[in-house]
Amino acid sequence: MVYSAYWNPKNETMPRADLQALQLVKLRRLCEWAYARSPFHRRRFDAADFRPEQLRTLADLRRIPLMTREEWMASQLEHPLFGDLLATNPRNAIRYHLTSGTTGRTPIRVLDSIKDWEWIAEMWCYGFWAFGVRPKDVVYFAFGYGSFIGFWGAHYCCEKIGALVIPGGAQTTEGRIRQIVEMGVTTVCSTPTYALHLAQKAKEMGINLANSAVNKVILSGEPAGSIPAVKRQLEEAWGAKCGDTAGMTECGTIMIFECSHQPGGTHIIEDHYIEEVINPTTLDPVPYGELGERVITSFGRGFIPLIRYRSRDMVVKVPYTTCDCGRTGDIYDGGIRGRWDDMKVIRGTNVYPRAVEAILREYQAIDEFQIYIWRRADLQDEITIRVEIVPGQETQWPELQQKLAADLASAHEGLRFNIERMERGVLPRFELKARRLVDARPVPEYSREEMQR
Amino acid sequence: MMDTDLLGRSLTAQEKELLHIYQALKNLAEYDDLPPCAAHNVRKALACLWQVTNDLALQFEQLSDLGV
């Protein structure tokens, strides 16, 4: 059977004018639905003096108020458990998931109907098909299958495609490696961090994964999937092509994916989303090629309408012509580049964890790392990079320490980074979203009067 | 039955057939006396046909009033 290169050739190669016309039709209907059914959206639309019938062109999108995670969390606290965002009766739900808790203390709780859940898998199909997953593939999910939505939708996507799906939940890393080899797995799905860990562990077990049947590693869950040094390491260790995807619990699935042409970025699924990029301070749209904050409107979930939601993700949008695959969906160059709220200020210099990771990953002798921020004598902020060295490469340490400190300083306006070597196995390893940033600075304590002011 | 997609373009024969099946499943989902095996599989099938017809820009609507 000869397959199309596109999951949905009609829309994925649609001229942009048609794509935008389709977005406008869907946006108007979504806003009508949200206004009629979701008290949360109705209240916010009313407060902004916005009505769905005001949407005459796509530019009218900016009349809609931006939505934040804080508003969502406040709504959940005021109307437990799900807030007043729901546009339908919770009895219609078949799935419950919640955020992994990277930001904020209150997790975002989501419900999905049969149709919404099927749509979640459908979005993964756009991405997996574009990266070359076909019915002949054997797909392994190195994923814990818990309340975090993670790769759940991708699992059902692969069933829909007709691939053989191997759920790798509740297993040791060694057990997973053995299963990947034994079952002739062709496609592995994992976070970038865990894919690196699998490769390292396989090496310790005397298994060269580059000799296995794996030819695709599909990444999600962390920005590192689009860091060139990480990708290079993974592709070398696995002897396979690595493709990035990114999604969020708030929309339930992925909104961007890397196609098999690997253009150095991720295509936006624009027939199912409107993705704006704004200046996080002025809230004005930013042009192609400039760093900004990703704002998402999703046409998928009817249960929880997601309209102009501020993601806090840092992205740079470039035109679809950057890639020669034929898709007309624009691209986020370098995928998700980090989060605005991840930024740390150390002695007046902005430090972004992903930028630090990009430099660290250029050093193949570094096995694991942690970015540790602390305060010296209650006065001066310090940043220390704690590293573990790959066994057998310990002799590189003195030179690595000096060169790494210089590289990091050079990329951060001369900021001094302390580099500390840790014993092997001391630093935590991660299966899901890695948390390699530890900010140990004391939290300011305020008096009750100050807090009430 | 519509003759055009969401952009006002004429439907192909296949698209007409898909929309026809989608509508037939919606009609079936309206019944409240279907046996459980029919009621639930019809809803599952309707959720799948919603994806196809939505992907192809043939419709964009919500189905929660049908429990889908």
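## Considering the overall build of chain B
(1) Moving on: In terms of regular secondary structure, chain B is built from two helices and zero strands.
(2) Moving on: Once the C-alpha set of chain B is aligned to its principal axes, its extents read approximately 40 × 20 × 15 Å.
(3) Moving on: Within chain B, the fraction of its 68 residues that count as buried is 29%.
(4) Moving on: For chain B, the share of sequence-separated contacts (at least 6 apart) that also reach a separation of at least 24 residues comes to 47%.

## What about the overall build of chain A?
(1) Moving on: Of regular secondary structure, chain A possesses 12 helices and 19 strands.
(2) Moving on: Relative to its length of 453 residues, chain A is compact, with a C-alpha radius of gyration of 23 Å against a globular reference of 22 Å.
(3) Moving on: For chain A, the C-alpha atoms occupy an extent of roughly 70 × 70 × 40 Å along the three principal directions.
(4) Moving on: In chain A, which comprises 453 residues, the share counted as buried stands at 43%.
(5) Moving on: In chain A, once contacts between residues fewer than 6 apart in sequence are set aside, the share between residues at least 24 apart is 69%.

## Things to note about helix α2 (residues 36-55) of chain B
(1) Moving on: Across its 20 residues, α2 of chain B extends 29 Å between first and last C-alpha, which sits within 8% of the 28 Å expected from 1.5 Å per residue.
(2) Moving on: For α2 of chain B, the full list of buried residues reads V42, R43, L46, A47, L49, W50, T53 and N54 of chain B.
(3) Moving on: Against the buried residues of α2 of chain B lie α5 (114-130) of chain A together with α1 (13-30) of chain B.
(4) Moving on: Phi for A57 of chain B, located one or two positions after α2 of chain B, is positive at around 60°.

## Some words on the nonpolar core
(1) Moving on: Ranked by internal contacts, the top residues of the largest apolar core, which has 106 residues, are F128, V188, C189, A195 and V217 of chain A together with L46 of chain B.
(2) Moving on: The biggest single contributor to this core is α5 of chain A, with 12 residues.
(3) Moving on: If near-sequence neighbours (up to four positions away) are discounted, C189 of chain A is found in contact with V139, Y140, F141, A142, F143, F151, A154 and I218 of chain A.

## Re the domain arrangement of chain A
Residues and elements named next belong to chain A.
(1) Moving on: In terms of domains, chain A is made up of domain 1 (1-339) and domain 2 (344-452).
(2) Moving on: The straight-line distance from the C-alpha centre of domain 1 to that of domain 2 is 29 Å.
(3) Moving on: Listed as interface residues are 20 residues of domain 1 and, on the opposing side, 15 residues of domain 2.
(4) Moving on: Mapped by element, the contributors of at least two residues to the side of domain 1 that touches domain 2 are α8 (192-204) and α9 (228-238).
(5) Moving on: Broken down by element, the side of domain 1 that touches domain 2 gets its largest block of residues, four residues, from α8.
(6) Moving on: Partitioned by chemical class, the residues of the side of domain 1 that touches domain 2 number seven nonpolar, 11 polar and two charged.

## Details of the sheet that holds strand β17 (residues 380-389) of chain A
Residue and element names in this part refer to chain A.
(1) Moving on: Within the open sheet, the four strands sit side by side as β18-β17-β16-β19. Their pairing is mixed. Each having just a single partner strand, β18 (418-421) and β19 (437-439) make up the two edges of the open sheet. Averaged over all adjacent pairs, the angle separating strand axes in this sheet is 20°, with direction ignored.
(2) Moving on: Relative to β18, β17 runs parallel, the two sharing four bridges. Residue pairing for β18: T384 is matched across the bridge by N418.
(3) Moving on: Against the sheet, helix α10 (residues 353-360) contacts β16 (366-376), β17 and β19, and its axis sits at roughly 135° relative to β16.

## Structural notes on the interface of chain B and chain A
(1) Moving on: Listed as interface residues are 17 residues of chain B and, on the opposing side, 20 residues of chain A.
(2) Moving on: A breakdown of the residues in the side of chain B that touches chain A according to their chemical character gives 10 nonpolar, four polar and three charged.

## Describing unusual backbone geometry
Residue and element names in this part refer to chain A.
(1) Moving on: The omega torsion of the bond from P80 to L81 falls at 0°, within 30 degrees of zero and hence cis.
(2) Moving on: Among the secondary structure elements, L81 is positioned in the loop between α4 (69-78) and β1 (95-98).
(3) Moving on: Phi at D49 is positive, roughly 60°, even though this residue is not glycine.
(4) Moving on: The residue D49 is located in the loop between α3 (39-47) and α4 in this model.
(5) Moving on: The backbone of R347 shows a phi angle near 45°, a positive value even though the residue is not glycine.
(6) Moving on: By C-beta crowding, R347 is classed as partly exposed, having 13 other C-beta atoms within 10 Å.

## With respect to the pairing of strand β12 (residues 306-318) of chain A
Residues and elements named next belong to chain A.
(1) Moving on: For β12, the tally of buried residues reaches 10 of 13 residues, placing the bulk of the element in the interior.
(2) Moving on: As paired elements, strand β11 (residues 291-298) and β12 share six bridges and run antiparallel to each other. Along β12, the bridge assignment pairs S298 with L306.
(3) Moving on: With two bridges joining them, β12 and strand β13 (residues 331-333) adopt antiparallel strand pairing. What sits directly across from K317, in β13, is Y332.

## So, the sheet that holds strand β8 (residues 253-257) of chain A
All names here are of chain A.
(1) Moving on: Judged by pairing direction, the sheet is mixed, and its 11 strands sit side by side in the order β4-β3-β5-β6-β7-β8-β9-β13-β12-β11-β10 without closing on themselves. Single-partner strands in this sheet number two, and they are β4 (164-167) and β10 (273-278). When strand polarity is set aside, the average angle formed by the axes of neighbouring strands in this sheet is 35°.
(2) Moving on: This element, helix α2 (residues 16-37), spans β10, β11 and β12 of the sheet and lies at about 145° to β12.

Scoring rules and cut-offs
- Residues numbered from 1 in each chain as written.
- Chains lettered and ligands numbered in written order.
- Predicted model: local features only at pLDDT ≥ 70, side-chain atom pairs only at ≥ 80, totals over all residues.
- Helix = DSSP H or I, 4+ residues; strand = E, 2+ residues; numbered from the N terminus.
- Buried ≥ 20, exposed ≤ 12 C-beta atoms within 10 Å, placed from the backbone.
- Contact = placed C-beta atoms within 7 Å.
- Rg over C-alpha atoms; globule rule 2.2 N^0.38 Å.
- Expected span 1.5 Å × (residues − 1).
- Core = buried A, V, L, I, M, F, W, Y, C linked by C-beta atoms within 7 Å.
- Domains from an automatic or database assignment.
- Nonpolar A, V, L, I, M, F, W, Y, C, P; charged D, E, K, R; others polar.
- Pairing = 2+ DSSP bridges.
- Axes fitted to C-alpha atoms, helices over the stretch in contact; angles between N-to-C directions.

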